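Overview (structure and organization)
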Amino acid sequence: MVRIFYRWQVQPANFEAFKQTWRITTTNIHASVPGALGSFMLRACEDESEIITVAKWDSLASWQAFWVTDNPKEMEGLRKIGNRISVDLYEEIEDQTR
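Given the structure is predicted, the values throughout are model-derived calculations rather than measurements.

Further remarks concern the sheet that holds strand 4 (residues 83-91). Strand order in this open sheet of four strands is 2-3-1-4, and the pairing throughout is antiparallel. Single-partner strands in this sheet number two, and they are strand 2 (36-43) and strand 4. This sheet shows a mean twist of 20° between the axes of neighbouring strands, independent of strand direction. Pairing geometry for strand 1 (residues 2-9) and strand 3 (residues 50-57), over eight bridges, is antiparallel. Within the sheet, the bridge partner assigned to phenylalanine 5 lies in strand 3 and is valine 54.

Quick look at the structure:
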């Protein structure tokens, strides 16, 4: 398993639109892209414009097949609302969450 951390800058006035677009985007990717296992969203407590979305994939190869360009078309709606700052990949070693 891998987790992909996307760091975004989203103006507070655009947060609700970003959240709705993220929800639709995540649902569509999870339903249509092999290896996509869903995502969750975090917002910084000290800076409401900083958003992190964390996607779970069954393997690095599956994510790389999806991420064939720097700007997958499935994520266009998010990029219209928020500024993607970074994308970081982590191998999941162990998950003790419920």
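From this point, the discussion proceeds with the structure in view.
Scanning the entire structure with this criterion turns up five salt bridges. Note that arginine 3 is salt-bridged to glutamate 92, the shortest N-O span being 2.6 Å. Remark: glutamate 92 occurs in the segment after strand 4 and arginine 3 occurs in strand 1; sequence separation between them is 89 residues. Salt-bridge contacts for glutamate 50 lead to arginine 7; the nearest nitrogen and oxygen are separated by 3.2 Å.

Tallied over the entire structure, the rule returns six aromatic pairs. Ring centres 5.2 Å apart and planes at 65° place the aromatic pair tryptophan 8 and phenylalanine 18 in the edge-to-face group. With tryptophan 8 in strand 1 and phenylalanine 18 in helix 1 (residues 15-32), the pair connects residues that are ten residues apart, well separated along the chain. As far as the burial class goes, tryptophan 8 and phenylalanine 18 line up, both buried.

With respect to the element layout, glutamine 64 can be found in helix 2 (residues 60-66). On a C-alpha basis, the gap between glutamine 64 and leucine 42 in space is 23 Å, while along the polypeptide they are 22 residues apart.

Looking now at the environment of leucine 78. Residue position: leucine 78 is located in helix 3 (residues 76-81). The contact partners of leucine 78, leaving out residues within four places of it in the chain, are Trp8, Phe18, Thr21, Trp22 and Thr25.

Right, let's talk about the pairing of strand 3 for a bit. Sheet analysis places strand 2 next to strand 3, joined by six bridges and oriented antiparallel. Within strand 3, the position partnered with methionine 41 by the bridge is threonine 53. Taken together, strand 2 and the strand that follows it, strand 3, pair antiparallel across an intervening segment of six residues.

Rules behind the numbers
- Residues numbered from 1 in each chain as written.
- Predicted model: local features only at pLDDT ≥ 70, side-chain atom pairs only at ≥ 80, totals over all residues.
- Heavy atoms only, no water.
- Pairing = 2+ DSSP bridges.
- Helix = DSSP H or I, 4+ residues; strand = E, 2+ residues; numbered from the N terminus.
- Axes fitted to C-alpha atoms, helices over the stretch in contact; angles between N-to-C directions.
- Salt bridge = Lys/Arg side-chain N within 4 Å of Asp/Glu carboxyl O.
- Phe/Tyr/Trp six-rings, centres within 6.5 Å; stacked < 30°, edge-to-face > 60°.
- Buried < 20%, exposed > 50% of the residue type's maximum accessible area, 1.4 Å probe, protein only.
- Contact = heavy atoms within 4.5 Å.

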